[in-house]
Amino acid sequence: MKKVKDFYFNKAKAKGFVARSAFKLEEIDQKNQILKPGMSVVDLGCFPGSWLQYISKRIGNEGIVVGVDMQELKLPLSANMKFFHSDINELDLAILKQIKPYFDLICSDMAPKTTGIKGTDADRSYHLCQMVLATCQKLLKYGGNTLIKVFQGAALEKLVQQMKIEYQIVKRIKPRSSRNESVEIFILGINKQKI
Ligand SMILES: C[S@@+](CC[C@H](N)C(=O)[O-])C[C@H]1O[C@@H](n2cnc3c(N)ncnc32)[C@H](O)[C@@H]1O
């Protein structure tokens, strides 16, 4: 396990990413082509910023990525990045709508503060996912995609079923770069429907 950790940690350092999380998004993107030049993206729970770095490169100068986190970002912002220092529970969507009324992709790598109690942590993660889906209802364009990290637990199936109502295709993804012992899994909702 340590070897795996060292591999992605060193790879992140070599590629200039501020965290190894970038490789989870890279793997999901390479398999599902969720990012394209010119896209508009919201990255919820973006600190320390490795997803922002990856997205910024993929969308290029014509795109825009807006990061949100309750922690202040230290990463220097490129021209196609914006950052809002906010808790998702207090996020002012009107400000984001001034940047783009609707976005092509909303992703969330948000993780709750963990207690070590599996059920409680999964419930907290599920609450964050509900906040993400509520944000998607207001900010994601029809035909857009959503990528959400969730802790596996009792509510996972409920979340998948809920997303199946709103998205044409829903996939569960466990990237290779996600530690085997981690309870995290990603749910990708493809093609938001008019319902
Ligand atoms: C695993 S980190 C994200 C890593 C990031 N994707 C990257 O590549 O650098 C999870 C982040 O979720 C944020 N977070 C957790 N709960 C949040 C909330 N309620 N509102 C906003 N951000 C939150 C944390 O502050 C933390 O920075």
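In case you missed it, the structure is sitting above this.
Our subject in this report is the structure included herewith. Being a predicted model, the structure only gives us computed values, none of them experimental.

Scoring rules and cut-offs
Along each chain, numbering runs from 1 in the same order as the chain's sequence is written. Owing to the predicted nature of the model, reporting of local features is limited to residues with pLDDT of at least 70; listing and counting of side-chain atom pairs is limited to 80 or more, with chain, interface and lining totals taken over all residues. Note that the side-chain values use all heavy atoms of the structure and ignore hydrogens as well as water. Any two strands between which DSSP finds at least two bridges are classified as paired. Secondary structure follows DSSP: runs of H or I at least 4 residues long count as helices, runs of E at least 2 residues long count as strands, and numbering of each begins at the N terminus. Helix axes are fitted only over the stretch in contact, all axes being lines through C-alpha atoms; the angle between N-to-C directions runs from 0 to 180 degrees. Any two residues whose heavy atoms approach within 4.5 Å at even a single point are treated as in contact.

1. What about the sheet that holds strand β1 (residues 40–44)?
The strand order β3-β2-β1-β4-β5-β7-β6 describes an open sheet built from 7 strands, whose pairing is mixed. Whereas interior strands pair on both sides, the edge strands pair on one side only; in this sheet they are β3 (81–85) and β6 (167–173). Between one strand axis and the next, the sheet turns by 15 degrees as a mean value, whatever way the strands run. Relative to strand β7 (residues 184–192), strand β5 (residues 140–151) runs antiparallel, the two being bridged by 6 bridges. Note on β7: the bridge partner recorded for Phe151 is Glu184. Set on the sheet, helix α3 (residues 50–59) makes contact with β1, β2 (64–69), β3, β4 (103–108), β5 and β7; between it and β2 the angle comes to about 170 degrees. Packed on one face of the sheet, helix α6 (residues 156–166) meets β5, β6 and β7 and runs near 150 degrees to β6.

2. Examining unusual backbone geometry
For the bond from Phe47 to Pro48, the omega torsion is 0 degrees, close enough to zero to count as cis. The backbone of Gln33 sits at a positive phi, close to 45 degrees, despite the residue not being glycine. By the element assignment, Gln33 lies in the loop between α2 (22–32) and β1. The phi dihedral of Asn191 is positive, around 70 degrees, even though this residue is not glycine. Note that Asn191 resides in strand β7.

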